[in-house]
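An overview of the molecular structure
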Amino acid sequence: MVMKKHALKLISLIAFTLAVAIFVPQRAAADQDDPPGRIARLSLAEGSVSFEPAGTDDWVTAVVNRPLTTGDKLWADRDSRAELHLGSASIRLGANTGFSFLNLDDNTVQLQLTEGTLRIRVRHLYRDEVFEVDTPNLAFTALRPGIYRINVNEAGDTTVVVVREGEGEVTGGGQSFSVHSDETGIFSGIDQLNADIEGVGSEDDLERWSYERDRREDHSTSRRYVSDEAVGYEDLDEYGGWRDTPEYGTIWFPHTTVVGWAPYRYGHWVWISPWGYTWVDDEPWGFAPFHYGRWVVVGGVWGWVPCRPATVVGVAYVRPVYAPALVAWVGGPHFAVGVAIGGGAAVGWFPLGPREVYVPSYRVSRTYVNNVNITNTTVNTTVVNNYYNNVVVNKNVTVTNVRYVNQGVAGAVTATSTQTFTNGQSVHNNIVRVNEREMANAQVVTATPAVPPTRQSVVGAGRPAAARPPEVIATRAVVARTAPPPPPARFERQQEAIQQNGGRPLAVSQVRQIQQQEHPKTEVRIAPPARTVTPAPQNAGNRPAPPQNVNRPVQQPSNVEQNNRPSTPPPNAERPNKVQPNRAPNAERPNTPPPNERPNNERSDRPQSARPPNQNERPNTPPPNAERPNNGQPNRTPGNDRPNDRPPTARPSNNPPPNGNPQLELQHQQELQNMRRQQDQERQRVEQQQAQERRRADQQRADDQRRQQMQQQHQQQLQDLEQKHGQEQQRVQQRQEQEHQQQRAPQVERPQPPPRQQSQPQPRQQEKPKEKDKPPKS
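Turning next to helix α2 (residues 205-218). Between the first and last C-alpha of α2 there are 20 Å, a value that for 14 residues agrees with the 20 Å anticipated at 1.5 Å per step. Where α2 is concerned, the buried positions are Leu 206, Glu 207, Trp 209, Ser 210, Tyr 211, Arg 213, Asp 214, Arg 215 and Glu 217.

Laid out in structure tokens, this is it:
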């Protein structure tokens, strides 16, 4: 008996172990197949901005609201600029800028900058999150939230890092440098970095434009009602208004004047791996309401129920998870043949409503399905798990026991041909008419139609680009501190695998296998192990003044030797960084003897090769080649022949060095010129700061006035909407009363005969005179 119990326990243990061995790897594989929960949005493109989708070599015009992910490239041509948002950060491109995403997932933002300027604002840095910018000669890592500007010159051998707020670290050439707030780092060289750290320069047009866009985001009213991690929230204030509703709370109503407008109708579909078919809306505000939250009709008007911001203190906050399109699909052969008027293959969909579950068509884990729903709407996790078990586990994509709130709304279902759907064409211009009565009872499926994509599905609605980056810039390698994933596989190779997969999107693990099989050429060099280096103090005699406009780093003049900028300061560079403008370097030593009477045993800070010769060996008159040039005047008297009648505290602008060495004289003259230049620059910097403060104050006042006007307009618009809603309700009530009266009208006509009977008292009145004829009683 005891042996049987032990045998049963052993069998149970073995069965449990086998179940764990089978289930755990499957769940781990499912978690690894989860796509990133965030994506970047191209929110603005001015001028000539080109775009190359990952896995292709087709440059097309950039389309606003296009989602961007790992492998996508952008080029802002001359006099052009662009803006991207990815929830926790904004990225703005200046003119002549080559940019791409080396990696973009939940924990890493890795940007590639081959030429031009990036202005980056990092608002949040989560634990273990990496934000890195890789350039041809270094990798810059943002260590704290802040405002950063990275510039790469045309040759690709110099990178300028400006930290206006925050702190960052530069890695390259086996060296590591820290750049703090209000500092500018100029790093030149490829194999070894030559570093200069100085103050920040003045603002240019890109910086001023970026500050205006930042203020627009910070002062957005929508941040009260929608999470600031929802990409695109900053555009809602300008194109709609918020209103409280009894059932769904505060929701957003777009200002649309199009008759018959409905969500997911004015735009086109594109294929973006690994999500598959993704909606790209035409409206300038059309990103957040189509990738987060839910749609519902209130009072006959479409409104967007947002993903709420984090308001509960102490509760773990999960940032909203991006979805390619929050819709349900009307599918089945009945739809394609019978519902679509005119017949033919068609695809139809309608927006999901509040509390309705979104089930992705791409391979995901249970955790992903839970997060993509609970972060975008109020829904019970038990309901989500039931959907996951039914659709993902049991492969049953048809929904039979759920009534969708928007399916029965008039005009909610949008349909188009499969050709329009797969070729990135405008849906509104190619709408297929549908039977509204059939739509109310049509079969609903959760999975996106299994239609293999074409090359045009990836390119989208963009036209062939007129401007593209030069080949040397497009193929330029960069230095990376964090190893990025392999470059995206060619679309043709992915297309074959998608067709073999029945037209469904490939899992992340399948895409990785294709990448490993292709062995694509990488354009990234991993930085070697670095040692921390403290940059040398500014050596004004060995380099020109710092550039005020860091949009293009100033190249070193040809007559300045690069080896005069070592990583450690030479002995003659041991002077304070802040030199008093009206005091000579030796002004604090009034008892110092004149230069030509310095004792031989006095310590000199100059290098041995630069020290003056012994007094006994120095001739009484300087040689002809010792005549010091003074501002290009070669015939001035040598300094040793001029009377030395200046006091010790006088500025040494015209005093010659003590030894008459031409190199030291030239260096001395350059130091004096740089000192004056630094004084002028300091004065200009103060004036610019004062002017900047005045501009900011004026801009703040203008922003306050504009915000007040917008609030007044929004209030007026809300009042108008409420008035229209009230009028509509009155019309509906009047119509209902009229219909009710018309229904009761036949019942009112039946009792009409009694009034004819009531007219019979007249004969009675005629009989009364007969009574009057009787003689009165006595």
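By size, the foremost hydrophobic cluster in this structure holds 75 residues, and its most contacted members are Tyr 264, Trp 269, Tyr 292, Trp 295, Trp 304 and Trp 349. Those residues in contact with Trp 304 that lie beyond four places of it in its chain are Val 226, Leu 236, Trp 242, Ile 251, Trp 252, Ala 288, Pro 289, Tyr 292, Gly 293, Arg 294 and Trp 295. With 43 residues, the next largest nonpolar core counts Ala 76, Ala 82, Leu 84 and Phe 177 among its residues.

Looking at where Ser 361 falls in the secondary structure, it is placed in the loop between β25 (346-351) and α6 (366-374). Since its relative accessible area comes to 21%, Ser 361 is described here as partly exposed. Note: C-alpha distance between Ser 361 and Arg 504 (143 residues apart in sequence) is 7.3 Å. With near-sequence residues (within four places) excluded, Ser 361 lies in contact with Thr 446, Ala 447, Thr 448 and Pro 505. Reaching out from Ser 361, the side chain makes a polar contact with the backbone nitrogen of Thr 448 at a distance of 2.6 Å.

Across the junction of Ser 273 and Pro 274, the peptide omega takes the value 5°, indicating a cis bond. Here Pro 274 is to be found in the loop between β20 (267-272) and β21 (276-281). We note that Tyr 264 has phi near 60°; this positive angle belongs to a residue other than glycine. Tracing the sequence through the fold places Tyr 264 in the loop between β19 (249-254) and β20.

Turning our attention to the packing of aromatic side chains. The description of two aromatic rings rests on the distance between their centres and on the angle between their planes. Across all of its chains, the model carries 24 aromatic pairs by this definition. For the pair Phe 350 and Tyr 404, a centre-to-centre distance of 5.7 Å together with 70° between the ring planes defines the contact as edge-to-face. Highlighted residues: Phe 350 in strand β25 and Tyr 404 in the loop between β26 (398-399) and β27 (414-417), separated in sequence by 54 residues. For Phe 350, a relative accessible area of 0% translates into the label buried. Residue classification places Tyr 404 among the buried positions, given a relative accessible area of 2%. Positioned over the ring face of Tyr 211 is Arg 119, at 4.9 Å from the centre of the ring. Directly above the ring of Phe 253 sits Arg 243, whose terminal nitrogen or CZ lies 4.2 Å from the centroid.

Let us look at the confidence of the model for the chain. As a note on interpretation, predicted positions should not be read in detail where pLDDT is low. Looking at the chain as a whole, the pLDDT averages 77, with 70% of positions reaching at least 70. Per-residue pLDDT stays below 50 along residues 16-29; that stretch engages in two contacts with residues further than four places along the chain or on separate chains. The low-confidence segment residues 747-751, where pLDDT is below 50, has zero contacts with residues more than four positions distant or belonging to other chains.

Before going further, it helps to examine helix α12 (residues 491-500). Listed as buried for α12 are Phe 491, Gln 494, Ala 497 and Ile 498. In an axial view of α12, the angular spread of the buried residues amounts to 120°, which keeps them on one side of the axis. Of the surrounding secondary structure, the elements contacted by the buried residues of α12 are β20, α10 (455-459) and α13 (508-518). Where α12 terminates, the next one or two residues include Gly 502, which has phi positive at roughly 80°.

Turning our attention to the pattern of salt bridges. Tallied over the entire structure, the rule returns 29 salt bridges. Between Arg 455 and Asp 58 there is a salt bridge; the shortest N-O distance is 2.7 Å. Remark: Asp 58 occurs in the loop between β2 (49-52) and β3 (60-61) and Arg 455 occurs in helix α10; sequence separation between them is 397 residues. A relative accessible area of 23% means that Asp 58 is categorised as partly exposed.

Here we take up the side chain of Asp 228. In this fold, Asp 228 is placed in the loop between α2 and α3 (236-239). For Asp 228, a relative accessible area of 18% puts it in the buried group. Ignoring any residue separated from it by four or fewer positions in sequence, one finds Asp 228 in contact with Gly 87, Arg 123, His 124, Arg 223 and Tyr 233.

It is worth spelling out the environment of Ala 230 at this point. Structurally, Ala 230 is set in the loop between α2 and α3. The spacing of Ala 230 and Leu 86 is 144 residues in sequence and 8.4 Å in space, taken between C-alpha atoms. If sequence neighbours within four positions are ignored, Ala 230 has contacts with Tyr 292, Cys 307 and Pro 320.

Calculation rules
- Residues numbered from 1 in each chain as written.
- Predicted model: local features only at pLDDT ≥ 70, side-chain atom pairs only at ≥ 80, totals over all residues.
- Heavy atoms only, no water.
- Helix = DSSP H or I, 4+ residues; strand = E, 2+ residues; numbered from the N terminus.
- Expected span 1.5 Å × (residues − 1).
- Buried < 20%, exposed > 50% of the residue type's maximum accessible area, 1.4 Å probe, protein only.
- Core = buried A, V, L, I, M, F, W, Y, C linked by side-chain atoms within 4.5 Å.
- Contact = heavy atoms within 4.5 Å.
- Polar contact = N/O pair within 3.5 Å; in protein donor to acceptor, adjacent residues only side chain to side chain.
- Phe/Tyr/Trp six-rings, centres within 6.5 Å; stacked < 30°, edge-to-face > 60°.
- Lys NZ or Arg CZ within 6 Å of the ring centre and 35° of its normal.
- pLDDT = per-residue confidence, 0-100.
- Arc of directions from axis to C-beta.
- Salt bridge = Lys/Arg side-chain N within 4 Å of Asp/Glu carboxyl O.

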